[in-house]
Amino acid sequence: MLQRVIFLFFIIQVSLSQNAEKLVDKGKTFLNQEKLDKAINSFNKAIEIDNKLDEAFFYRAYIKTLLKNYEGAIKDYSTVLELKPEDEVSYFNRGRIRYILNDDEKALADFKAAIKIDRKFNEAYLDMARVYIRMKDLNSAIDIYSKLIDFGSEYGLAYYNRGLINYRLGKKEEACADAKKAKNFGVELLLGSKSIDMLIENSCPDSDDYETVDEYNFSIIEEVPIWPGCENVPRSERRNCFQMKMQQHISRNFRYPEIAQKKGIQGRVFIQFVIDIDGSVTSIRTKGPDIALEMAAKRIISLVPRLKPGIQKGKPVRVPFSIPITFKLQ
């Protein structure tokens, strides 16, 4: 008799758990449809059934953030971290909310916790630097931007921001060097040319003599950048060869982030980058539905091999290029 009771209890628990997961899936569907009230209602019901379901708390926190219920969002992200201490995205999201609320010490702690889990969590470094700047700890902010540069990521923005701080500290020589690096890495694509040109003008004594590098669109440049393996292809076919090699590269290096899979996150990430005059890929920028997908897309592009640079009127030039990467759950 006791065995039957235990078995029945197990069946009921499994059934309840399945119902809770279905409510989470339903909530995510409503969220994608921007029906926030219905979405949060589904997550509330899921939590009533199973208060150990970290996904339900995570998405409810996300919606509460959109609704500017910041204290409620912090509470839910904290619950996620009790259930799943290695969830770096929850630390990051909670840190951003605390930054909005001017709780700088706790925001810093959250960004540091996210970085401890993922040492190359670029966005967490950038937000940590913003906190240090607001706290007027400019040297710590410089250290953060230097780490990003050492990682080989966020080049343009890290150089530009470090240059601004160096300028504020009266270190014009260092500011000039950073400004020129930022210019070469294409930060104007993100900020506009006026901002970087002003920093160069104010910090570089030889700014009038500074030679900028021309940029040409991939579709109109005389000689497109050449992917390894496309050297012997007729010039008229090199654009197609480049596109084919790029797609092959994406397929070979594609990895769906585990955290995005578990949370049912999918969508298209738009990527823009620059093929520089030495054939390296710089100034990688992404825009997508979730930070985990953006980071995965950025990783793929960062693995692009060194190319032969684009040529216009006989000299190497910088070539911006953009491409979408789709993350779709089966």
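Residues numbered from 1 in each chain as written. Predicted model: local features only at pLDDT ≥ 70, side-chain atom pairs only at ≥ 80, totals over all residues. Heavy atoms only, no water.

### Considering the packing of helix H6 (residues 104-117) against helix H7 (residues 122-134)
Helix-helix packing: each pair is described by the crossing angle between the helix axes and the interaxial distance.
Thinking step 1. Between H6 and H7, whose axes approach to 9 Å, the crossing angle comes to 155°. Between H6 and H7, the crossing angle belongs to the class labelled roughly antiparallel. Considering how the two elements wind past one another, H6 and H7 form a crossing that is left-handed. Across from Asp104, Ala107, Leu108, Phe111, Lys112, Ala114 and Ile115 in H6, the residues of H7 making contact are Ala124, Tyr125, Asp127, Met128, Val131, Tyr132 and Arg134. (Axes fitted to C-alpha atoms, helices over the stretch in contact; angles between N-to-C directions. Helix = DSSP H or I, 4+ residues; strand = E, 2+ residues; numbered from the N terminus. Parallel < 35°, antiparallel > 145°, perpendicular 65-115°, else oblique. Left-handed = near helix turned anticlockwise from the far one by under 90°. Contact = heavy atoms within 4.5 Å.)

### Details of a positive patch on the surface
Thinking step 1. There is a patch of like positive charges on the surface, built from Lys26, Lys35, Lys38 and Lys45.
Thinking step 2. With respect to the helices and strands, the residue Lys35 is situated in the loop between helix H1 (2-32) and helix H2 (36-49). (Patch = residues over 30% accessible without salt bridge, like charges linked within 9 Å, V, L, I, M, F, W, Y side chains within 5 Å. Areas by Shrake-Rupley, 256 points an atom, 1.4 Å probe, with all protein chains shown as cover. Salt bridge = Lys/Arg side-chain N within 4 Å of Asp/Glu carboxyl O. Lys, Arg positive; Asp, Glu negative; His and termini not counted. Charge placed at Lys NZ, Arg CZ, Asp CG, Glu CD.)

### Some points on the sheet that holds strand E2 (residues 281-287)
Thinking step 1. With antiparallel pairing, three strands are arranged side by side in an open sheet as E2-E1-E5. Because the sheet does not close on itself, it has two edges, and the strands there are E2 and strand E5 (319-327). Along the sheet, successive strands turn relative to each other by an average axial angle of 20°, direction set aside.
Thinking step 2. Here five bridges tie strand E1 (residues 267-275) to E2, and the two strands are oriented antiparallel to one another. Of the residues in E2, the one forming a bridge with Ile275 is Val281.
Thinking step 3. Running over the sheet, helix H13 (residues 238-253) touches E1 and E5 and is turned about 40° from E5. (Pairing = 2+ DSSP bridges.)

### Section: the pattern of salt bridges
Thinking step 1. Tallied over the entire structure, the rule returns 14 salt bridges.
Thinking step 2. A salt bridge links Asp127 to Arg96; the shortest N-O distance between them is 2.5 Å. With Asp127 in helix H7 and Arg96 in helix H5 (residues 88-100), the pair connects residues that are 31 residues apart, well separated along the chain.
Thinking step 3. Classification of Asp127 as buried rests on a relative accessible area of 8%. (Buried < 20%, exposed > 50% of the residue type's maximum accessible area, 1.4 Å probe, protein only.)

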